[in-house]
Amino acid sequence: MKFELKARRLPALQTIGMLAVVFIFGLIVSGYFFYALGNQKQQQLDRLEQEVLQQQEGLLASELDATVSYIQYMRTRTEQVLKEQSKVFVDQAVTVAESIYAESKDRLSDTEIKTLIRESLRNVRFFDGRGYLFIGDLEGVSILLPTAPHLEGSSLYDNRDDTGHYIMRGLIDAVSNNAQQSGFSRYRWYAPSDQKLMEDKIAYVRLFEPYNWIIGTGDYLYQVENDLKQEVTRRLENFRFGDNGYISVLDLQGNTLANTALTVLSETRGVRDLQRAAIDAIMDTAASGGGIVEYSWFYPDGRGPVVKRSQVKVVPEWGWVLVAGIYPDDLAPMLAEHKAILDAQNADAVRNFVLVLAAGLLLALILALVYSRWLRRIFIRYEQDIAHQRAQLIDNSRQLELSARVFENATEGIMITDASNRILAVNPAFTEITGYSQEEAEGKNPSFMASGSHDERFYEDMWSRLMKTGRWQGEVWNRRKDGVLFPEWLSLNLVREDGEVVNHIATLSDISLSKANEKRLRYLAEYDSLTDLPNRRLLADRVDQAVHIARHNHSHLALLFVDLDRFKNVNDSLGHEVGDRLLCAVAERLTALVDDLVTVSRVGGDEFVILLSDLNHPNDAALVARDIIRHVSQPVELGGHSLTLTPSIGIALYPGDGLNFEMLFRNADAALYHAKAQGRNQYQFFTQQINDDVSRSLVMENALRKGIAEGELRLVYQPQFCMKNMRLRGVEALVRWQHPEQGLVPPDFFIGLAEETGLILELGAWVMYEACLQGQRWRDEGFPDIELAVNVSALQFREELVDQVRRVLEETGFPAENLVIEVTESTLMQGASQAIGILSRLKELGVWVSLDDFGTGYSSLAYLKRFPLDKLKIDKAFISDLPHDADDSAITRAIISLAQSLNLLTVAEGVETTEQLEYLQALGCDLAQGYLLDRPLWPGDMISRFKAEMHRQVLQDKGGC
């Protein structure tokens, strides 16, 4: 009870004491404040006038400093301005010279052009009439010198200024020592005002290449500086600051260069006396280095005179004295304004003091009341803290209960051991994972579940890391109660008290399922999903291992690259499902042929690669290859179909054909390519010749690609003649490759290469466009209309061909009825139904369609009747032995007769003898081409052929063809 009574009285006693202290302190502070405020006001009034005056003087100094900075800036620009202006005038002069040269070079002599240029520039003036253009050559001879025309034609190469500098040589060096062939040169020369005194001069020169002339101009630095002085003076005359502020400029002799007030004052004796007195005062101040000066002068509007206070500053570089001043009228308003501000500040200070004092007293009262209440609440809060601690203990017990529930219901196994690593507790998930109950595990060391898969070093490392970092996690193999080994993900944590380990907490989860998934993913990454054979990735790994072993044992190994011939026909005709089943059957046969130590892999599509390691002799690889060919070639029964495929095999040997997987794989592929080129259904060993052929083919492919892009292709034109009257009926466009190093490359080589690499599409598009463009040029030049035949390869013959032909005809303007599209018989038979549609659309455009190489392919009369054709072209193979070969004669006669029955024109190619020509005429062949009639001609030679043909048609008329 006594303690509570004191707590209630203490706040009241504290409040009374605080109020008494604050009241006494407030009286003392108030008396001192009003005494100090009166003294401060008087001192501020005294300082105010001086501060305003210093402020204005500072503003004057700032204005003068800014003006001096501007003058210094303009002075530093002297050389830059001269260079910029000189360059502009010289560039204009060179442009004029280049224009005169360009317009006159084809109609006037060089002497006349030089005179015209020189006289056009002679009277050009600038820089207020003192600037002119001069011309010299690289030998130092003066071409144009308007100020001394008597020196024109003489050498100035050795002229020097008063420093010994060679003037003309410096100008020559300025254009000779840089890539721009232009530059600046500094030298000294006689000033216009004094022909005995030399001044610094800068010239800009530029080379006029047609005549190796140096065209230039320049000016004296002091002249440009004088121009800048005049510009600065004009700007200062118009500059104002404040109501009456301006800047006057005098020279060091006291002459006025700029003064605004003088422009409104009358020229009287009184004004002159005041001006002289003011100038004397200003010049005295300037002589002592500048500063503040007072003198009588007028306002800018003529009022006055009044006492003016001015700042004087000397600009020694230009010999100028700058003056900026203030008037009494400028200071009075500012003093009044500052005094009013001071009075307002004092009134605010008194008011603020009263408010602060009142607020302080009020705040002291409030604090006293708050303080008394605070003391009262201390004991109440103490009782509340005790109640809070009691509630926190209850909450902690609930948290422990919750942790126990988590321990019991966790999906991961949890195991707690003591400092000696003896099991204290395990949760139900632990029992579910390991099979051991709480009773069976309690008191034991966790090592009783060890699987024996880890050595002592593994556990030593685990405990070392655990003791250092306080935690460890990783994959561990343990043994369940039933003896089954299983992988688990184990996390270990230490519990320490005062630095000592008191418990180990382990959480573990069964990762058997994830390990199985990982194994499945690894299998999918390394094996072919269709055939279950190793894929290229696993093959590469095994080859690298086999190479390492072979290198160590000095043994051999082989890589057999197997490809199924014409497998695409199976997919196209029977579908991919049958194709996949066929691949699986081939995979089974290949696997059955070799033992378990041989790797059979599928690397893509219908391609298999077999790794033979530890070979005794390279012939062993050949024996395996022959077995593969024999067994794979056996018929396969699939879905009612008996399918027979033949393999082609390329063989590369280690170490002769490669030292790593990539080299062996690439060379085996090259050997496979060679096996297919030799007729398929065989094996070929890799040889250096194969590698050279492949490399040469690759080089030529890149060269052809570059040749197409850089315009190395050319077209020649094989004339076609009407057999009835031997008139020129048309031409066949034939492509030639003008290789920059190998010369003219035969088309038999690069056409096949273009078809193999797909470049035939780009090549064929270029041939069609260029041929039609050339045909239209001949028509525009007035030559007779002729047919223009363009060959189309099998790769080009697709739906896009019609749009391509239409676009070419539109862009070149060549008439459709003059264009003949030549396609081979084998091309049409690859997809006869689609070919009929494409040919029909071509016919709708109005072009002719010719069947090339007729009789060498399928020669299907049924399709021949359905194809919308205009011409049959008899292959050279049937023409070369006419008329002596009976078989060729019979075939040729039959083809011509068949064409006549179908209303088709016939074209015989390769006619090289008169006997062949007469025989074909007798059979009724319509058109012929060959070396007997004319060789393939370049476009320029075709013009001569056209002219000869036009002349012959004038002399004879034997009817049309």
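All figures in this text were calculated on a predicted structure; none of them were measured in a lab.

Participant: Help me understand the sheet that holds strand E11 (residues 413–418), please; the structure alone is not making it clear to me.
Facilitator: The pairing of strands in a sheet comes from backbone hydrogen bonds and takes either a parallel or an antiparallel form. With antiparallel pairing, five strands are arranged side by side in an open sheet as E12-E11-E15-E14-E13. Lying at the two open borders of the sheet, with one neighbouring strand each, are strand E12 (423–426) and strand E13 (471–479). Going from strand to strand, the sheet's axes swing by 25° on average, the running direction of each strand aside. As judged from the nine bridges shared by E13 and strand E14 (residues 485–497), these two strands associate in the antiparallel manner. Its bridge partner lying in E14, Val476 is registered against Glu488. Running at roughly 150° to E13, helix H9 (residues 456–469) makes contact with E13, E14 and strand E15 (500–510) of the sheet.

Participant: I keep staring at the layout of surface pockets and nothing clicks. Help me out?
Facilitator: Vacant regions in the atomic arrangement are exposed by a probe of water-molecule size rolled over the atoms. Considering only enclosed or pocket space, the largest pocket measures out at about 940 Å³ in volume. Along the walls of the largest pocket sit 35 residues, with Glu732, Leu734, Asn791, Asp852 and Glu909 positioned nearest its centre. When contributions to the lining of the largest pocket are tallied by element, the ones reaching two or more residues are strand E24 (728–739), helix H17 (747–757), helix H18 (760–780), strand E27 (819–824) and strand E28 (848–854).

Participant: Please clarify how the packing of helix H11 (residues 536–553) against helix H15 (residues 661–677) should be interpreted in this entry.
Facilitator: Pairs of packed helices are described in terms of their axes, by the angle between the two and the distance that separates them. Packing of H11 against H15 leaves a shortest axis separation of 9 Å and a crossing angle of 115°. One element, H11, and the other, H15, form an angle in the roughly perpendicular class. Listed contacts from H15 to Arg536, Leu539, Ala540, Val543, Asp544 and Val547 of H11 are Phe661, Glu662, Leu664 and Phe665.

Participant: Would you explain helix H24 (residues 886–901) in this entry?
Facilitator: Given 3.6 residues per helical turn, the α-helix brings residues three or four places apart onto the same face. Helix length check: H24 (16 residues) gives 22 Å between terminal C-alpha atoms against 22 Å at 1.5 Å per residue, within 8%. Taken together, the buried positions of H24 are occupied by Asp888, Ser889, Thr892, Ile895, Ile896 and Ala899. Angular distribution of buried residues about the axis of H24 spans 130°; they occupy a single face of the element. Exposed residues on H24 whose side chains face more than 90 degrees from its buried face are Ala886, Asp887 and Ser901. At its buried positions, H24 is contacted by E28, strand E29 (871–874), helix H23 (876–879), strand E30 (905–909) and helix H25 (914–923). With a side-chain oxygen positioned 3.0 Å from the backbone nitrogen of Asp887, the residue opening H24 is Asp885. Where H24 ends, the next residue or the one after it, Asn903, has phi of about 60°, a positive value.

Participant: Sorry if this is basic, but what is going on with the packing of aromatic side chains here?
Facilitator: The description of two aromatic rings rests on the distance between their centres and on the angle between their planes. Counted under the stated rule, the structure contains 16 aromatic pairs. Relative to Phe208, the ring of Tyr101 has its centre 6.4 Å away and its plane inclined at 90°; by these criteria the two rings are edge-to-face. Separated by 107 residues along the polypeptide, Tyr101 in helix H1 (residues 2–104) and Phe208 in strand E4 (residues 194–208) bring together distant segments of the chain. Judged by its relative accessible area of 0%, Phe208 is buried. Seen in terms of ring centroids, Tyr436 and Phe448 are 4.8 Å apart; in terms of plane orientation they differ by 80°. Their pairing is edge-to-face. Highlighted residues: Tyr436 in the loop between helix H7 (428–434) and helix H8 (438–441) and Phe448 in the loop between H8 and H9, separated in sequence by 12 residues. Classification of Tyr436 as buried rests on a relative accessible area of 13%. Residue Phe448 is classed as partly exposed on the basis of its relative accessible area of 27%. An aromatic cluster is present here, built from Tyr101, Phe208, Tyr211 and Trp213 joined pairwise through their rings. In this arrangement the basic side chain of Lys83 is found over the ring face of Phe184, its NZ or CZ atom lying 5.1 Å from the centre.

Conventions and cut-offs
- Residues numbered from 1 in each chain as written.
- Predicted model: local features only at pLDDT ≥ 70, side-chain atom pairs only at ≥ 80, totals over all residues.
- Heavy atoms only, no water.
- Pairing = 2+ DSSP bridges.
- Helix = DSSP H or I, 4+ residues; strand = E, 2+ residues; numbered from the N terminus.
- Axes fitted to C-alpha atoms, helices over the stretch in contact; angles between N-to-C directions.
- Contact = heavy atoms within 4.5 Å.
- 1 Å grid on protein atoms, 1.4 Å probe; cavity = no way out; pocket = protein on both sides within 12 Å on 5 of 7 lines; lining within 4 Å.
- Points joined across faces, edges and corners; volume = space filled by probe spheres on them.
- Parallel < 35°, antiparallel > 145°, perpendicular 65-115°, else oblique.
- Expected span 1.5 Å × (residues − 1).
- Buried < 20%, exposed > 50% of the residue type's maximum accessible area, 1.4 Å probe, protein only.
- Arc of directions from axis to C-beta.
- Polar contact = N/O pair within 3.5 Å; in protein donor to acceptor, adjacent residues only side chain to side chain.
- Phe/Tyr/Trp six-rings, centres within 6.5 Å; stacked < 30°, edge-to-face > 60°.
- Lys NZ or Arg CZ within 6 Å of the ring centre and 35° of its normal.

This is a description of form; function is not addressed.
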